[in-house]
Amino acid sequence: DTGVSQDPRHKITKRGQNVTFRCDPISEHNRLYWYRQTLGQGPEFLTYFQNEAQLEKSRLLSDRFSAERPKGSFSTLEIQRTEQGDSAMYLCASSLSPRDGYTFGSGTRLTVV
Amino acid sequence: QQPVQSPQAVILREGEDAVINCSSSKALYSVHWYRQKHGEAPVFLMILLKGGEQMRHEKISASFNEKKQQSSLYLTASQLSYSGTYFCGTEKNSGGGADGLTFGKGTHLIIQP
């Protein structure tokens, strides 16, 4: 298994544009999380999927943020009408059970100019 | 509520020991510990569960005091590879992971030869 993959690694976009990030978790992991990390801070929880069901989305930062996991495998995180404050590292993580630690992907670094 | 980590930074000589603390104002179900090197994804070290035992992985161990809502990470005979930023992530209830983890701001550990 190659671990958790995220694509792209880096994204530079103009303010107001929409962006979409992809995460491919470890294949047998049914739990998938999205986090955001800014410089000097720990990761900040955004949303959680168990299989294809999005069980927690109240922590998404605004209604410009949305996430999907249509077939319970890969997931996408979309940010509409990007703002400079959205610049951050977006991390995806997966796990097998609540008693297991997370495996994080390498992240997508978003820069909004 | 974000857990508070202390110290914020530690500089050690190779072979010395270190303790990193994580405190929460709320009752906790579990505490995760992760290490993140610059530009890389956080890597899972260990998880401590309410009612569980102290964990150990090689020369790194951790404890969880449920009554005080505190966890400590112990690094014994530190190696150069231990350098990085250590994060604790806390889970308030046994909701099956749906609430995600709340991470502290991290402790920067520098090991010098």
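Further up the page is the structure itself.
Residues numbered from 1 in each chain as written. Chains lettered and ligands numbered in written order. Predicted model: local features only at pLDDT ≥ 70, side-chain atom pairs only at ≥ 80, totals over all residues. Heavy atoms only, no water.

Draft legend 1. Local environment of the layout of surface pockets. By volume, the largest pocket is sized at about 510 Å³. Listed by contribution, the elements that provide at least two residues to the lining of the largest pocket are β9 (88–95) of chain A together with β9 (84–91) of chain B. A class-by-class count of the residues in the lining of the largest pocket yields 5 nonpolar, 14 polar and 5 charged. Volume-wise, the second largest pocket comes out at about 210 Å³. If you trace the second largest pocket, you find 13 residues lining it, with G42, P43, E44 and F45 of chain A together with Q2 of chain B closest to the centre. (1 Å grid on protein atoms, 1.4 Å probe; cavity = no way out; pocket = protein on both sides within 12 Å on 5 of 7 lines; lining within 4 Å. Points joined across faces, edges and corners; volume = space filled by probe spheres on them. Helix = DSSP H or I, 4+ residues; strand = E, 2+ residues; numbered from the N terminus. Nonpolar A, V, L, I, M, F, W, Y, C, P; charged D, E, K, R; others polar.)

Draft legend 2. Expanded view of the sheet that holds strand β8 (residues 70–75) of chain B. Residues and elements named next belong to chain B. Across the sheet, which stays open at both edges, the 5 strands sit in the order β1-β3-β8-β7-β6 with antiparallel pairing between neighbours. Of all strands in the sheet, those bounded by a partner on one side alone are β1 (4–6) and β6 (55–57). On average, each strand axis in the sheet is inclined to that of its neighbour by 15°, with strand direction left out of account. In this structure, strand β7 (residues 60–65) lies alongside β8, joined through 6 bridges in antiparallel fashion. By the bridge assignment, A62 is partnered in β8 with L73. (Pairing = 2+ DSSP bridges. Axes fitted to C-alpha atoms, helices over the stretch in contact; angles between N-to-C directions.)

Draft legend 3. Structural view of the pattern of salt bridges. Residues and elements named next belong to chain A. On inspection of all chains with the given rule, the structure shows 4 salt bridges over all chains. Notably, a salt bridge pairs E83 with R64, separated by 3.5 Å at the nearest N-O pair. Of the two residues, E83 is situated in the loop between β8 (75–79) and β9 and R64 in the loop between β6 (53–56) and β7 (65–68); the sequence distance between them amounts to 19 residues. The exposure class assigned to E83 is partly exposed, which follows from its relative accessible area of 41%. Between R64 and D86 there is a salt bridge whose closest N-O contact spans 2.8 Å. Placement of the pair is R64 in the loop between β6 and β7 and D86 in the loop between β8 and β9, with a sequence separation of 22 residues. Since its relative accessible area comes to 3%, D86 is described here as buried. A network of salt bridges, in which partner residues are shared, links R64, E83 and D86. (Salt bridge = Lys/Arg side-chain N within 4 Å of Asp/Glu carboxyl O. Buried < 20%, exposed > 50% of the residue type's maximum accessible area, 1.4 Å probe, protein only.)

Draft legend 4. Seen up close, the sheet that holds β8 of chain A. All names here are of chain A. Spatially, β1-β3-β8-β7 is the arrangement adopted by the 4 strands of the open sheet, whose pairing is antiparallel. Of all strands in the sheet, those bounded by a partner on one side alone are β1 (5–7) and β7. For this sheet, the mean inter-axis angle between neighbouring strands, taken without regard to orientation, is 15°. Of the pairings in the sheet, the one linking β1 to strand β3 (residues 19–24) comprises 3 bridges and is antiparallel in character. The residue of β3 that forms the bridge with S5 is D24.

Draft legend 5. Spatial organisation of the interface of chain A and chain B. Each side of the interface is counted separately: chain A has 21 residues, and chain B has 21 residues. It is R99, Y102 and F104 of chain A that lose the most area in chain A upon contact with chain B, and together they represent 28% of the buried surface on that side. Connecting chain A to chain B are 0 salt bridges. Of all the secondary structure elements, the ones that give two or more residues to the side of chain A that touches chain B are β4 (31–37) and β5 (44–50) of chain A. (Contact = heavy atoms within 4.5 Å. Buried area = accessible area lost by both parts, 1.4 Å probe.)

Draft legend 6. Examining the environment of G105 of chain A more closely. Considering the arrangement of structural elements, one finds G105 of chain A in the loop between β10 (103–104) and β11 (108–112). Overall, G105 of chain A belongs to the buried group, its relative accessible area being 1%. Expressed as a C-alpha distance, the spacing of G105 of chain A and P8 of chain A, which sit 97 residues apart in the sequence, is 11 Å. Aside from chain neighbours lying at most four places away, what touches G105 of chain A is V4, Q6, L91 and C92 of chain A together with A41 of chain B.

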